[in-house]
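Reading the structure
If you want the building blocks of each chain, they are given just below.
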Amino acid sequence: MMHEGHHHDHECTHEHTHGGHTHTHEHTHEHTHEPAAGAGEPVKRAVTMLNYMYSHNSDHTEELAEMAEKLRGLGETAAADEIEGAVAAFREGNAKLHEALHKIGG
């Protein structure tokens, strides 16, 4: 059974460090996806949940990046370093979710 596809945008950021200062650049990727033919409801539900989690996690990741930047500006470098490490891990996890979506037609 074929399910109707959908269109969505992915907000992506790339982190750069220059002279000890880390900042991000944001851009949007547009995608139209069709679930795999014959995928059925379980895959459709997985695509829906992965899309939600990817978007949700990306939003929180950017909030944490902003928090780290503010804390660094306040001289709280140790905390900012820890948060930036978490942000990098979250971004890696989000990239894996994005790849999973592509692999199941989402």
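First things first, this report covers the structure right here in the doc. Residue numbers run consecutively from 1 along every chain, following the written order of its sequence. Totals for whole chains, interfaces and linings use every residue, but because this is a predicted model, local features are given only for residues with pLDDT of at least 70 and side-chain atom pairs only at 80 or more, for both listing and counting. Only heavy atoms go into the side-chain values, all of them from the structure, while hydrogens and water stay out.

1. Brief notes about the pattern of salt bridges
Counted as salt bridges are all cases of a side-chain nitrogen of Lys or Arg within 4 Å of a carboxyl oxygen of Asp or Glu. Scanning the entire structure with this criterion turns up 3 salt bridges. The partner of E84 in a salt bridge is R72, with the nearest N and O atoms 2.7 Å apart. Of this pair, E84 sits in helix α2 (residues 77-103) while R72 is found in helix α1 (residues 40-73), placing the two residues 12 residues apart along the sequence. For every residue, the accessible area (1.4 Å probe, protein chains only) is compared with the maximum for its type, and the residue is labelled buried under 20%, exposed over 50%, or partly exposed between those bounds. Taking relative accessible area as the criterion, E84 reaches 17% and is therefore assigned buried. Each of R72, D81 and E84 takes part in salt bridges that share partners, so that together they form one network. Only runs of H or I of at least four residues qualify as helices and only runs of E of at least two qualify as strands under DSSP, and these elements are numbered from the N terminus.

2. A word on the packing of α1 against α2
Helix axes are fitted to C-alpha atoms over the stretch in contact, other axes to C-alpha atoms as well, and angles between N-to-C directions run from 0 to 180 degrees. At a closest axis distance of 9 Å, the pairing of α1 and α2 adopts a crossing angle of 160°. Looking at the two axes, α1 sits roughly antiparallel to α2. In this structure, α1 meets α2 at a crossing whose hand is left-handed. Three residue categories are used. Nonpolar comprises Ala, Val, Leu, Ile, Met, Phe, Trp, Tyr, Cys and Pro, charged comprises Asp, Glu, Lys and Arg, and polar comprises the others, including Gly. The class makeup of the residues in the contact of α1 with α2 is 17 nonpolar, 7 polar and 5 charged. For classification, angles of less than 35 degrees are called roughly parallel, those exceeding 145 degrees roughly antiparallel, those between 65 and 115 degrees roughly perpendicular, and all remaining angles oblique. Throughout, a crossing is termed right-handed when the near helix is turned clockwise from the far one, and left-handed when it is turned anticlockwise from it by less than a right angle.

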